[in-house]
Amino acid sequence: MSTEATAKATTLDRDHGLRLLREMLRIRRFEERAAEQYSLAKIRGFLHLYIGEEAVAVGVMQALTPNDAVVATYREHGHALARGLPASSLMAEMFGKASGCSRGRGGSMHFFDVSRRFYGGYAIVGGGLPIAVGLALADAMQGRRRVSACFFGEGAVAEGEFHESLNLAALWKLPVLFLCENNLYAMGTPIVQELAVTDIAARARSYGIPAHAVDGMDVLEVEAAARRAADEVRETGEPRFLELRTYRFRAHSMADPDLYRTKEEIERWKRRDPIVLFEERLRAAELISDGDLEELEAAVAAELDEAIAFADAAPIEPVEDLLKDVTTPRSP
Amino acid sequence: MSTVTLTYREASRAGIRHALATDERVFLMGEDVGAYGGAFAVSMSLLEEFGPERVRNTPLSESAFVGAGIGAALNGMRPIVEVMTINFSLLALDQIVNNAATLRYMSGGQLSVPLVVRMATGAGRQLAAQHAHSLEVWYAHIPGVRALAPATPEDARGMLLAALDDPDPVFIFEHATLYPLEGELEETPHAVDIDHAAVRRGGDDVTLVTYGGSLGKCLQAAETLAADGIDAEVIDLRTLRPLDTETILASLAKTHRLVIVDEGWKTGSLAAEVSAQIMERGFDLLDWPVRRVCTAEVPIPYAKHLEEAALPSTERIVHAVKEMAF
Ligand SMILES: Cc1ncc(C[n+]2csc(CCOP(=O)(O)OP(=O)(O)O)c2C)c(N)n1
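Each chain carries its own residue numbering, running from 1 in the direction its sequence is written. Numbering of ligands from 1 and lettering of chains from A proceed in the order in which they are written. Selection of residues for local features in this predicted model requires a pLDDT of at least 70, selection of side-chain atom pairs for listing and counting requires 80 or more, and totals for whole chains, interfaces and linings are taken over all residues. To get the side-chain values, all heavy atoms of the structure are used, and hydrogens and water are removed first.

## Section: the sheet that holds strand E4 (residues 78-85) of chain B
All names here are of chain B.
- Paired strands, as defined in this entry, are two strands with at least two bridges between them according to DSSP. Helix and strand assignments follow DSSP, with helices taken as H or I runs no shorter than four residues and strands as E runs no shorter than two, numbered in order from the N terminus. Spatially, seven strands are ordered E3-E2-E4-E5-E7-E6-E12 in an open sheet, and the strand pairing comes out mixed. Two strands in the sheet have a free side with no partner beyond their single neighbour: strand E3 (55-57) and strand E12 (239-241). The mean inter-strand angle of the sheet, taken between neighbouring strand axes irrespective of direction, is 20°.
- Of the strand pairs in this sheet, strand E5 (residues 116-121) and strand E7 (residues 170-175) are connected by six bridges, and their pairing is parallel. Bridge pairing in E7 links Val 117 to Phe 171. To get an axis, fit a line to the C-alpha atoms, keeping to the stretch in contact for a helix; angles then go from 0 to 180 degrees between the N-to-C directions.

Structure, rendered in structure tokens:
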């Protein structure tokens, strides 16, 4: 743990601590419920859970304002929740309902909410990076001081679009905050079999982008690093890069039997569970009590009960609307 | 109405210049669109006129700059992205097929991508197999995009302006042999209709359907046929997606014979699509099986005589028509 983060923890106030804890817990419980709903066949298709990585989305999102933009991957439930998309609209989306955040056209991998500048989950590895560069280009050209935050996994670092996008953002000095969630595996392939140079921040620096590696299991450290980086993006109008070192506790997707890593390795990482770590820290600082936790859990459970009930009851898109929104309706 | 004479290249430039001058959201980006003036000299002098912010030279990163065009379009701009040639556009296909074409639908109608991408297509300049293919049909295959093929200077200018008014992604395929072609245009730039095909020559005996770089060949073939007493109607598709089948059906109601001329490879071509649509909707109108004149199924060869042999030609078009009984 960095001294800076520790220092911050001691001055951490109760409200903020509870807020971070609540947001991480919402994601954790949401994902557990999503897995249940998948087993009940209410959710189909690919389902990628964010369990273990909650501190990344929650920490980063503290640094963004409603004016900033977010681009994420297919593993984006956590980002969407932390950005403020209602759990009910996400659950309904995964249930394939018209009340879903993408009207049931996207599913788990493609959440969108333009009102919150959540520009979507992208399921082509690396495919979201050029989009974020373009969002930032428009901001730069129109003189707006906003950040375009772009999440992607370390698997994307091997893609051409990663390199093209970093180069372009650095070359044109565009306000992109690149956020690499390094969970050490791309599906079943460990990072050492993916990347000739595994120091990802160094690769970003090779494009002239200031970059830091951050403990992605420590929500305060993520928040602090993200605030610094986002502030710098806003001040300079230039890109910044964070490598967030994290781990997914669950398999790649519900279809993955998780045969490529050892139980010991997973258990070792679980000892660094971002939620447990943070809870312990808040208790040690005497900022929260057992009662607070029970309340949090109860509130989250109620929210998710409601989300599932909403998704269950939500209408489906009429089949007559199958072709709607392929293109924009033209006013005659 | 006062007119000006412009080449296809100048007309395309005039469209871009007009858009840059009248809409501050518009900018041009692509490889060497700046000081070089564009690989086909379309953007010559625009850098001096509009500056490097709005005439942006990109690095060789087709995927990133096409994707950045999508992102900028999502965020209030009206980008015109130039990709040097259709062969190079393959490096951006991920952004085009997976993002530009899907975002509106996948977001349940929340997003739209008002992006214009221009690129040169087609053979005839001895550039061999990595600079000269006609892959427009691949784009015409994709729901969510519009595909345009200007065959005249008026369309080169007006389609660009119409494309910028379209809220969805539009791809403009400029045939590389057309750039020096001259035409007379209305002096004031304006958007043209991009929903309909155009009858470029009226006729009663046979319908030649074509687009882009093959229009000239068809018009020439029609002249040759006229000398033999066969009156050919020539239809320029103009918009490759969505196809205007009505105009073809209306023509077939007169001529009852259809030859489709398409510089793409015959297998899975636009000609194949037009033919299938006529089978479905105009079978009863036909007095003769549909004929297609397409490019031979080879990577475009370098040697002049081989390249010529591979491409649709006036002779092959005339021959295809003459095989029909009248
Ligand atoms: C271009 C592309 N290739 C392959 C896939 C299949 N695929 C989906 S996720 C994934 C692993 C990506 O790993 P990473 O970027 O580290 O993200 P993580 O899943 O670990 O969050 C792969 C190979 C894909 N979706 N897109």
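## Points about the state of the cysteines
All names here are of chain A.
- In what follows, a disulfide is any cysteine sulfur pair within 2.5 Å. Inspection of every chain in the model, using the stated rule, returns zero disulfides over all chains.
- Cysteine Cys 101 remains unbridged, with the sulfur of Cys 150 as its closest cysteine sulfur at 18 Å.
- Here's how the labels work: a residue is buried when its accessible area is under 20% of the maximum for its type, exposed when over 50%, partly exposed in between, all with a 1.4 Å probe on protein chains only. Given the relative accessible area of 11%, Cys 101 is considered buried.
- Free of any disulfide, Cys 180 has its nearest cysteine sulfur in Cys 150, 10 Å distant.
- With relative accessibility at 0%, the residue Cys 180 sits in the buried group.

## Brief notes about the nonpolar core
- Remark: nonpolar core denotes a set of buried residues (Ala, Val, Leu, Ile, Met, Phe, Trp, Tyr, Cys) joined through side-chain atoms within 4.5 Å. Grouped together as the largest cluster of nonpolar side chains are 90 residues, with contacts concentrated most on Phe152(A), Phe178(A) and Phe241(A).
- In this entry, domain limits derive from an automatic or database-based domain assignment. Looking at which domains feed residues into this core, each of domain 1 (3-186) and domain 2 (198-322) of chain B gives three or more.
- The contacts of Phe178(A), once residues within four sequence positions are left out, are Leu129(A), Val133(A), Cys150(A), Phe152(A), Ser165(A), Leu166(A), Ala169(A), Ile209(A), Pro239(A), Arg240(A), Phe241(A) and Leu242(A).
- Counting residues in hydrophobic clusters, the runner-up holds 73 residues, among them Phe151(A), Tyr247(A), Leu282(A) and Ala311(A). When checking whether two residues touch, look at their non-hydrogen atoms; a contact exists if any pair is within 4.5 Å.

## As for the interface of chain A and chain B
- The partner chain B presents 44 residues to the 41 residues of chain A that form the contact.
- For the chain A and chain B pair, buried surface summed over both sides reaches about 3,400 Å², with 59% attributable to carbon and sulfur atoms.
- Within this document, salt bridges are pairs made up of a side-chain nitrogen of Lys or Arg and a carboxyl oxygen of Asp or Glu, the two lying within 4 Å of each other. For the pair chain A and chain B, the number of links is three salt bridges.
- Across the pair Arg330(A) and Asp195(B) runs a salt bridge whose closest N-O atoms are separated by 3.5 Å.
- As used in this structure description, the phrase polar contact means that two N or O atoms lie within 3.5 Å; if the pair is within protein, one of them must be able to donate a hydrogen and the other to accept it, and residues adjacent in sequence are counted only when both atoms belong to side chains. Between the two partners, chain A and chain B, sit 23 residue pairs in polar contact (both at pLDDT 80 or more).
- Those elements that provide at least two residues to the side of chain A that touches chain B are strand E2 (118-122), helix H6 (128-141) and helix H7 (160-171) of chain A.
- In terms of residues, the side of chain A that touches chain B owes the most to one element, H6(A), which gives nine residues.
- Of the residues in the side of chain A that touches chain B, the class split is 19 nonpolar, ten polar and twelve charged. By convention, the term buried area covers the 1.4 Å-probe accessible surface removed from two parts as they join, with the contributions of both added. Throughout this entry, Asp, Glu, Lys and Arg are counted as charged residues, while Ala, Val, Leu, Ile, Met, Phe, Trp, Tyr, Cys and Pro are counted as nonpolar. The remaining residues, Gly among them, count as polar.

## A closer look at the domain arrangement of chain B
Residues and elements named next belong to chain B.
- Domains assigned within chain B are domain 1 (3-186) and domain 2 (198-322).
- Across the boundary between the two partners, domain 1 contributes 31 residues, which contact 25 residues of domain 2.
- Both faces combined, the contact of domain 1 with domain 2 buries some 2,100 Å², and carbon together with sulfur accounts for 57% of it.
- For the salt bridge of Asp 155 with Arg 200, the shortest nitrogen-to-oxygen distance reads 3.0 Å.
- Connecting domain 1 to domain 2 are 17 residue pairs in polar contact (both at pLDDT 80 or more).
- Counting residues per element, the ones that place at least two in the side of domain 1 that touches domain 2 are helix H7 (136-140), strand E6 (146-148) and helix H8 (153-165).

## Overview of the site of the ligand
Residues and elements named next belong to chain A.
- We call a residue near a molecule or strand when any one of its heavy atoms sits within 4 Å of it. Within the structure, the ligand sits among 15 residues, and Tyr 74, Arg 75, Ala 123, Gly 155 and Asn 183 are positioned closest to it.
- For the ligand, an oxygen atom lies 2.7 Å from a polar atom in the side chain of Tyr 74.
- Here an oxygen atom of the ligand sits 2.8 Å away from a polar atom, N or O, in the side chain of Asn 183.
- Taking 580 Å² as the accessible area of the ligand by itself, protein coverage stands at 74%.
- Throughout, the protein atoms alone are placed on a 1 Å grid, and a set of points is a cavity if a 1.4 Å probe fits but cannot get out or a pocket if it is open with protein on both sides within 12 Å along at least five of seven lines; lining residues have an atom within 4 Å of a point. The rule for placing a molecule in a cavity or pocket is simple: more than half of its atoms must lie within 2 Å of the grid points. Taking a 2 Å distance to the grid points as the criterion, the majority of the atoms of the ligand fall inside the largest pocket.
- Of the residues that constitute the shell around the ligand, the class distribution is eight nonpolar, four polar and three charged. Shrake-Rupley sampling with a 1.4 Å probe provides the accessible areas, and residues are treated as covered by the protein chains on show and by no other component.

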